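Structural features, examined
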Amino acid sequence: MTVELIDTSTERLGRAQDFAALHRQAEQFYAHQMRILDTHDVAAWGGLFTEDATLDLPFLPEPVPARTGLTRYPRAGAARRRRAGHRLTHWVGRLDLLPGHDHALRTRCSALVHAPSDGSGSEALHMGGGKALYVCVMEDALVPSRGEWRIAHRRVLRDDLA
């Protein structure tokens, strides 16, 4: 019988711990971002993007400056939903990340957009109420800025709009 030892070197363990910490930070970043989206706080959402960030949305012919796009398109959609008495909740999962140069991250995740039936929020998803509207895939370039992550570029994909 041959036994192969697992590499438990300090360097390899340190890299795994560093990656786990990065992944945790990215998960927290996306959770925070989804809470902001759920409250329709466009100013706070815009603050998650760098000044020169671009936003590539499937219903636009070309990428737009993120902060301009964020104030123009989501605000109109949020106003329509409020007038109709609807609200949306967002859930992010399947987060994959690839560390890059200069401490930047390339991320890809799925975002479920859900309309609770009773307006009570995300708990309706767990209780079987409401309706899942669509799933987006977000591909982001995250960069560190003053101890926090900021989005330098976002590309949103939706199969139903392809």
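Residues numbered from 1 in each chain as written. Predicted model: local features only at pLDDT ≥ 70, side-chain atom pairs only at ≥ 80, totals over all residues. Heavy atoms only, no water.

In this section: unusual backbone geometry. Look at H103: it is not a glycine, yet its phi comes out positive at around 65°. Of note, H103 is situated in the loop between β3 (89-99) and β4 (105-115). The backbone of R146 sits at a positive phi, close to 50°, despite the residue not being glycine. Checked against the element boundaries, R146 lands in the loop between β5 (131-145) and β6 (148-157). (Helix = DSSP H or I, 4+ residues; strand = E, 2+ residues; numbered from the N terminus.)

This part takes up the pairing of strand β1 (residues 49-56). Pairing between β1 and β6: four bridges, direction parallel. Residue pairing for β6: L55 is matched across the bridge by R154. Where β1 lies against strand β2 (residues 64-65), two bridges are found, and the strand directions are antiparallel. The residue of β2 that forms the bridge with T54 is P65. (Pairing = 2+ DSSP bridges.)

Now for the packing of aromatic side chains. Scanning the model with the defined rule gives two aromatic pairs in all. Measuring from centroid to centroid gives 5.3 Å for F29 and Y30, while their planes differ by 85°, and the two rings are edge-to-face. Look at W45 and F49: their rings are 6.2 Å apart centre to centre, the planes differ by 75°, and that puts the pair in the edge-to-face class. As far as burial versus exposure is concerned, W45 and F49 are alike and both buried. (Phe/Tyr/Trp six-rings, centres within 6.5 Å; stacked < 30°, edge-to-face > 60°. Buried < 20%, exposed > 50% of the residue type's maximum accessible area, 1.4 Å probe, protein only.)

A word on the pattern of salt bridges. Under the definition given, this model contains five salt bridges. Among the salt bridges present, the one from E51 reaches R67, with a minimum N-O distance of 2.9 Å. Residue E51 is found in strand β1, and its partner R67 is found in helix α3 (residues 66-83); the two are separated by 16 residues along the sequence. On the basis of relative accessible area, E51 is assigned to the exposed category, the value being 67%. Judged by relative accessible area, which is 31%, R67 ranks as partly exposed. Across the pair E139 and R155 runs a salt bridge, and its minimum N-O distance is 3.2 Å. Linking E139 in strand β5 with R155 in strand β6, this pair joins segments that are 16 residues apart in sequence. By relative accessible area, which is 21% here, E139 ends up partly exposed. (Salt bridge = Lys/Arg side-chain N within 4 Å of Asp/Glu carboxyl O.)

Our next topic: the nonpolar core. Counting residues in each nonpolar core, the largest one holds 28 residues, and the members touching the most others are F29, Y30, W45, F49, V92, M138 and L142. Elements represented by at least two residues in this core include exactly α1 (10-39), β1, α3, β3, β4, β5 and β6. The element best represented in this core is α1, accounting for six residues. The contact partners of Y30, leaving out residues within four places of it in the chain, are V92, L95, T107, C109, M138, D140, L142 and R154. (Core = buried A, V, L, I, M, F, W, Y, C linked by side-chain atoms within 4.5 Å. Contact = heavy atoms within 4.5 Å.)

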